[in-house]
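Residue-level structural notes
This is what each chain is made of:
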Amino acid sequence: MRTLLCMLVLGASLGLSTQAAAIPPGDAEAGESKAEPCMACHAPGLDNPAFPRISGQHAGYLYYSLRAYASGDRQDPVMSGQVSGLSDRDMADLATYFSTLDGELSTVSR
Ligand code: HEC
């Protein structure tokens, strides 16, 4: 019982720390103007199996994906170049903008 209680407390505090690291608020309008270079590959409705469709994807997922390319945790020759020079703010704005678009999601199959 004591162990269970400890696990519950631990779980709750982990939950809190995840929330503290949530995506900073992004501005969809600012993201729209920053997204111009992305549209060649991620325009809504574009149906090229080489590029994932990200319109309508959850902003948190998009934000953390961009951060992962920037930190090198996620490696892709194309996307690593795309994020170089983006600030945290840019990534939050881009993530928010793409999350507001309608579209069918896809991933890249390799
Ligand atoms: C020249 C084509 C190209 C451009 C331009 C481009 N991307 Fe990408 N993007 C890709 C490819 C290819 C992948 C898949 C890479 C992988 O497998 O990790 C990808 C993956 C992503 C992902 C992860 C999607 C997922 O489902 O995991 C995000 C988010 C993303 N791009 C956002 C952007 C943003 C924002 C921009 C503009 C700053 C941008 N991309 C510009 C080709 C491009």
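Structure report, in brief. (Residues numbered from 1 in each chain as written. Predicted model: local features only at pLDDT ≥ 70, side-chain atom pairs only at ≥ 80, totals over all residues. Heavy atoms only, no water.)

1. Description of the nonpolar core
- Ala35, Leu66, Leu94 and Phe98 are the most contacted members of the largest nonpolar core, which totals 16 residues.
- Sorting the residues of this core by element identifies α4 (59–71), α5 (77–83) and α6 (88–100) as the ones contributing at least two each.
- Among all residues touching Leu94, those that are not within four sequence positions of it are Gly31, Lys34, Ala35, Cys38, Leu66 and Leu86. (Core = buried A, V, L, I, M, F, W, Y, C linked by side-chain atoms within 4.5 Å. Buried < 20%, exposed > 50% of the residue type's maximum accessible area, 1.4 Å probe, protein only. Helix = DSSP H or I, 4+ residues; strand = E, 2+ residues; numbered from the N terminus. Contact = heavy atoms within 4.5 Å.)

2. A few points about the coordination of the iron atom of the ligand
- Those protein atoms acting as donors to the iron atom of the ligand are His42 (NE2) and Met79 (SD), and they sit at 2.0 to 2.2 Å.
- For the iron atom of the ligand, the six donor atoms in the first shell make angles of 87 to 178 degrees at the metal, so the coordination geometry reads as octahedral. With a gap of 37 residues between them, His42 in helix α3 (residues 39–42) and Met79 in helix α5 connect regions that are remote in the sequence. The two residues His42 and Met79 agree in class, both being buried. (Donors = N, O, S within 2.8 Å, 3.2 Å for Na, K, Ca; no water. Tetrahedral: all angles 85-135°; square planar, octahedral: opposite > 155°, others 65-115°.)

3. Points about the packing of α4 against α6
- At their nearest, the axes of α4 and α6 sit 8 Å apart, and the two run at 140 degrees to each other. Where α4 crosses over α6, the handedness of that crossing is right-handed. Mapping the contact onto sequence places Ala59, Leu62, Tyr63, Leu66, Arg67 and Ala70 in α4 and Asp88, Met91, Ala92, Leu94, Ala95, Thr96, Phe98 and Ser99 in α6.
- A breakdown of the residues in the contact of α4 with α6 according to their chemical character gives ten nonpolar, two polar and two charged. (Axes fitted to C-alpha atoms, helices over the stretch in contact; angles between N-to-C directions. Left-handed = near helix turned anticlockwise from the far one by under 90°. Nonpolar A, V, L, I, M, F, W, Y, C, P; charged D, E, K, R; others polar.)

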